[in-house]
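Letter by letter, the chains look like this.
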Amino acid sequence: MCPGCISTLAIAAATVVQSSHSLADLAGDAEHAGSNPATGEPHDPDDEFGGEPLYAARTKIYPQHVTGTFRHTKWAVLAVTLAIYYFLPFVRWDRGPNAPNQAVLIDFPGRRFYFFFIEIWPQEVYYLTGLLILAAMTLFLMNAVAGRVWCGYLCPQTVWTDLFISIERWIEGDRREHLLRDQQPWSFERVARTASKHFSWLMIAWWTGGAWILYFADAPTLVKDLATFQAPVVAYVFIGILTFTTYTLAGWMREQVCVYMCPWPRIQAALTDEYALNVCYRYDRGEPRASLKKAAALHEHGEPAGDCIDCLQCVHVCPTGVDIRNGPNLGCIQCGLCIDACDAVMTKISRATRLIAYDTDVNIRNRQQGEPTSYRLVRTRTLLYAAIIALVGAIMTYTLATRRTEAVNVIHDRNPQFVRLSDGAVRNGYSLHILNKTLETQKFVLKVTGLADASIEAIGGEKGPNGEPIVEVGPDQTRQVRVLVTTHQRLEPGASIPLTFTVTGDRAGASASAADHFLGP
Ligand code: SF4
Ligand code: SF4
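Residues numbered from 1 in each chain as written. Chains lettered and ligands numbered in written order. Predicted model: local features only at pLDDT ≥ 70, side-chain atom pairs only at ≥ 80, totals over all residues. Heavy atoms only, no water.

**Thoughts on the overall build of the chain**
Thought 1: A count of helical and extended segments in the chain gives 18 helices and 15 strands.
Thought 2: A globule of 521 residues ought to have a C-alpha radius of gyration of about 24 Å, yet the chain, at 33 Å, is considerably larger.
Thought 3: Along the first, second and third principal axes, the C-alpha set of the chain runs to 115 × 55 × 50 Å.
Thought 4: Buried positions account for 43% of the 521 residues belonging to the chain.
Thought 5: Long-range contacts, defined as pairs at least 24 residues apart, comprise 69% of the intrachain contacts of the chain with a sequence gap of at least 6.
Thought 6: Put simply, the chain shows about 28,200 Å² of open surface, and 63% of that area lies on carbon and sulfur atoms.
Thought 7: Mean positive and mean negative side-chain charge positions of the chain (46 and 50 charges, respectively) differ by 5 Å. (Helix = DSSP H or I, 4+ residues; strand = E, 2+ residues; numbered from the N terminus. Rg over C-alpha atoms; globule rule 2.2 N^0.38 Å. Buried < 20%, exposed > 50% of the residue type's maximum accessible area, 1.4 Å probe, protein only. Contact = heavy atoms within 4.5 Å. Areas by Shrake-Rupley, 256 points an atom, 1.4 Å probe, with all protein chains shown as cover. Lys, Arg positive; Asp, Glu negative; His and termini not counted. Charge placed at Lys NZ, Arg CZ, Asp CG, Glu CD.)

Dropping the structure here:
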């Protein structure tokens with residue numbers, strides 16, 4: 001079992017043990033522990049799963065509509081993230097006459113990644129490593145501060161599932177109506193509703209797939225080509241694949257992706273601590289549960305009753321079907337909708353809100369023991385994650401701000417490594433890759449230093465007034481040129497002399513160099 005699962009189960013077990021309600025469940029479970037509840041037969045003591053089937057069929061979830069702070073926040077995040085995803089490819093960014101004007105573009109044929117004013121070349125793929133580190137650390141920091149806030153609000157699976165559920169609710173009705181409809185026999189009206197729901201889902205899925213490929217080519221041109229069936233076949237294939245995956249994952253699989261497929265809940269469980277804010281049922285206040293009538297009766301007899309009236313509203317609104325009152329759960333994406341639902345109930349019965357709230361395990365325990373509560377957002381781990389984010393961000397910003405627009409890479413010939421000429425001179429061959437990241441054509445003068453009496457020649461290049469080789473490189477291009485370095489100097493046997501190749505462009509300060517060796521016989 002992986003550390004994430006162990007940690008999750010440990011946290012869940014710890015909280016369940018503190019809940020009197022869950023203690024009752026545990027006691028009930030213990031009674032059944034000796035036999036298989038399905039067959040009544042005694043368990044095989046060697047069977048570590050107690051004869052329970054390892055497969056459980058999915059129970060369809062009918063999430064109920066809810067309004068409140070967290071639902072409004074989710075709507076806002078959904079609108080912003082989807083607007084960015086669908087419309088960003090159409091945002092233009094002027095980079096000059098020789099460069100694409102799409103703000104965000106992954107240009108595979110041109111081997112470039114454009115992000116507004118940033119242009120990344122294949123040789124600069126380390127920026128991608130920096131971005132991945134930043135993304136991971138941001139996720140860790142979010143987790144340390146507010147648990148699975150990524151899962152609840154920002155994860156694409158959550159955003160599209162939320163959208164699909166809203167469309168389903170709009171067509172099929174809210175929870176109760178939808179449940180009743182699903183129990184009725186098939187009729188023309190039910191078929192029409194189901195068909196229009198799936199058609200709407202497919203249209204969104206198709207648009208989602210279509211938007212994705214717009215990041216890989218000039219968006220307006222590609223849209224025109226797609227509409228007139230002039231686009232490459234691969235574009236239609238990818239739209240088809242992404243339409244299928246969006247429709248399946250957001251329409252059919254929904255919470256199963258979070259519970260069974262996604263690794264993040266397991267990793268997150270291993271990274272969390274007792275000070276992280278999570279959606280919690282404040283069992284110290286809610287237990288023992290009792291309806292309003294039952295609570296009044298209990299109070300009459302001087303017995304305690306908690307604030308939870310067991311109305312199940314928090315369960316009915318949950319998109320993953322979790323009952324948060326049973327403690328932390330791998331299926332809880334911490335969307336906060338149960339908080340909205342419970343707050344509405346508490347307001348209606350004139351009790352204090354936030355029976356379910358973003359809280360910490362430590363605070364719940366402290367409240368139970370009559371100790372003061374506290375929130376520790378600044379902890380070693382939050383400081384560490386923030387420091388790594390700041391450091392990597394600063395390094396990336398500095399290197400981007402000071403990056404050179406010219407570069408050269410050199411590769412020594414492998415075979416032969418040297419050639420002895422008829423006049424006794426020794427010659428080595430190299431391949432030079434000269435990068436011109438500016439938007440103008442540049443002529444580069446080639447020089448080699450480190451070896452006395454060395455001459456340099458570029459195959460296919462021009463010659464300057466002093467016989468120095470000159471290589472022209474187009475705007476935003478790389479040119480590979482074969483270079484021969486020859487010396488008449490007497491070399492020690494097996495000599496390996498360090499060399500530096502320097503290319504100097506037309507622009508002021510446009511120069512770059514690369515090191516290699518000159519090998520002797
Ligand atoms: S239990 Fe609450 S916070 Fe967790 S997924 Fe369900 S509604 Fe969202
Ligand atoms: S919504 Fe609140 S009162 Fe109702 S069952 Fe959930 S926790 Fe209890």
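**Digging into empty space enclosed by the protein**
Thought 1: The tally for this structure, following the rule as stated, stands at 5 cavities of 30 Å³ or more.
Thought 2: In this structure, the largest cavity spans a volume of roughly 190 Å³.
Thought 3: Taken together, 20 residues make up the lining of the largest cavity; nearest its centre are T161, D162, I165, P319 and I333.
Thought 4: Going through the elements one at a time, α3 (69–87), α6 (156–172) and α11 (255–261) are the ones with two or more residues in the lining of the largest cavity.
Thought 5: At 6 residues, α6 tops the list of elements feeding residues into the lining of the largest cavity.
Thought 6: Looking at the lining of the largest cavity, its residues break down into 8 nonpolar, 6 polar and 6 charged. (1 Å grid on protein atoms, 1.4 Å probe; cavity = no way out; pocket = protein on both sides within 12 Å on 5 of 7 lines; lining within 4 Å. Points joined across faces, edges and corners; volume = space filled by probe spheres on them. Nonpolar A, V, L, I, M, F, W, Y, C, P; charged D, E, K, R; others polar.)

**A word on the side chain of Q64**
Thought 1: Considering the arrangement of structural elements, one finds Q64 in the loop between α2 (20–32) and α3.
Thought 2: A distance of 2.7 Å separates the side chain of Q64 from the side chain of Q313, its partner in a polar contact.
Thought 3: Beyond its immediate sequence surroundings of up to four residues, Q64 is in contact with R169, D174, R175, Q313, H316 and V317. (Polar contact = N/O pair within 3.5 Å; in protein donor to acceptor, adjacent residues only side chain to side chain.)

**As for helix α18 (residues 380–402)**
Thought 1: Its 23 residues place the ends of α18 33 Å apart at the C-alpha level, agreeing with the 33 Å of an ideal helix rising 1.5 Å per residue.
Thought 2: Looking only at α18, the buried set comprises T382, Y385, V392, G393 and M396.
Thought 3: Close packing links the buried residues of α18 with α4 (126–146) and α12 (264–271). (Expected span 1.5 Å × (residues − 1).)

**Notes on the sheet that holds strand β3 (residues 118–120)**
Thought 1: Across the sheet, which stays open at both edges, the 3 strands sit in the order β1-β2-β3 with antiparallel pairing between neighbours. The sheet is open, and its two edges are formed by β1 (104–107) and β3, each paired on a single side. Strand-to-strand twist of the sheet, defined as the mean angle between neighbouring strand axes without regard to direction, takes the value 10°.
Thought 2: Across 3 bridges, the pairing between strand β2 (residues 112–115) and β3 is antiparallel. Within β3, the residue paired with Y114 across the bridge is E119. (Pairing = 2+ DSSP bridges. Axes fitted to C-alpha atoms, helices over the stretch in contact; angles between N-to-C directions.)

**A few points about the site of ligand 2**
Thought 1: C308, C311, L312, C314 and C342 are the nearest of the 13 residues found near ligand 2.
Thought 2: Elements represented by at least two residues in the shell around ligand 2 include exactly α15 (313–316) and α16 (337–348).
Thought 3: The class makeup of the residues in the shell around ligand 2 is 10 nonpolar, 1 polar and 2 charged. (Near = heavy atom within 4 Å.)

**Considerations on the layout of surface pockets**
Thought 1: Computed from the structure, the largest pocket encloses a volume of approximately 1,400 Å³.
Thought 2: If you list the elements that add at least two residues to the lining of the largest pocket, you get α3, β1, β2, β3, α4, α5 (149–154), α6 and α18.
Thought 3: Here the lining of the largest pocket takes 8 residues from α4, the largest share from any one element.

**Comments concerning a nonpolar patch on the surface**
Thought 1: Taken together, the side chains of F87, F90, F199, L202, M203, W206, W207 and V223 define a hydrophobic patch exposed on the protein surface, amounting to about 790 Å² of accessible area.
Thought 2: Broken down by element, the residue count for the nonpolar patch peaks at 5 residues, all from helix α8 (residues 188–213). (Patch = residues over 30% accessible without salt bridge, like charges linked within 9 Å, V, L, I, M, F, W, Y side chains within 5 Å. Salt bridge = Lys/Arg side-chain N within 4 Å of Asp/Glu carboxyl O.)

**As for the nonpolar core**
Thought 1: Within the largest apolar cluster, 26 residues are counted, with the highest numbers of intra-cluster contacts made by L432, I434, L446, V483, V485, F501 and F518.
Thought 2: When contributions to this core are tallied by element, the ones reaching two or more residues are β6 (406–412), β8 (426–436), β9 (442–449), β10 (454–458), β12 (469–473), β13 (477–487), β14 (496–504) and β15 (511–519).
Thought 3: Not counting the four nearest positions on each side in its chain, I434 is found in contact with A407, V408, F444, L446, V471, V473, Q477, T478, R479, V481 and V503.
Thought 4: Of all hydrophobic cores here, the second largest spans 24 residues; its members include C308, V322, C338 and C342. (Core = buried A, V, L, I, M, F, W, Y, C linked by side-chain atoms within 4.5 Å.)

**Let's talk about the pattern of salt bridges**
Thought 1: All told, the structure shown has 32 salt bridges when counted by the stated rule.
Thought 2: R92 is paired through a salt bridge with D218; the nearest N and O atoms lie 2.9 Å apart. Taken as a pair, R92 in the loop between α3 and β1 and D218 in the loop between α8 and α9 (219–227) lie far apart in primary sequence, 126 residues in all.
Thought 3: Residue classification places R92 among the partly exposed residues on the basis of a relative accessible area of 31%.
Thought 4: Using a relative accessible area of 29% as the deciding quantity, one classes D218 as partly exposed.

**Quick look at α9**
Thought 1: Of all the positions in α9, only A219, L222 and L226 are classed as buried. Looking straight down α9, one finds its buried side chains confined to an arc of 65°; they lie on one side. Facing away from the buried side of α9 by more than 90 degrees, the exposed set consists of K224 and A227.
Thought 2: Residues of α9 that are buried sit in contact with α8 and α10 (233–253).
Thought 3: F229, located one to two residues past α9, shows a positive phi value of around 55°. (Arc of directions from axis to C-beta.)

**Some points on the confidence of the model for the chain**
Should pLDDT be low for a region, the predicted coordinates there are not to be read in detail.
Thought 1: Averaged over every residue, the pLDDT of the chain is 88; residues scoring 70 or more account for 90%.
Thought 2: Contacts for the low-pLDDT stretch residues 1–40, under 50 throughout, to residues beyond four places or in other chains number 46 contacts. (pLDDT = per-residue confidence, 0-100.)

**Digging into the pairing of β2**
Thought 1: The alternating pattern of β2 places R112 and Y114 on a buried face, while none of F113 and F115, on the opposite face, is buried.
Thought 2: Between the antiparallel neighbours β1 and β2 lie 4 residues, among them R111 with a positive phi of about 55°.
Thought 3: Hairpin connection of β2 to β3: 2 residues between the antiparallel strands, including F116 at a positive phi of 50°.

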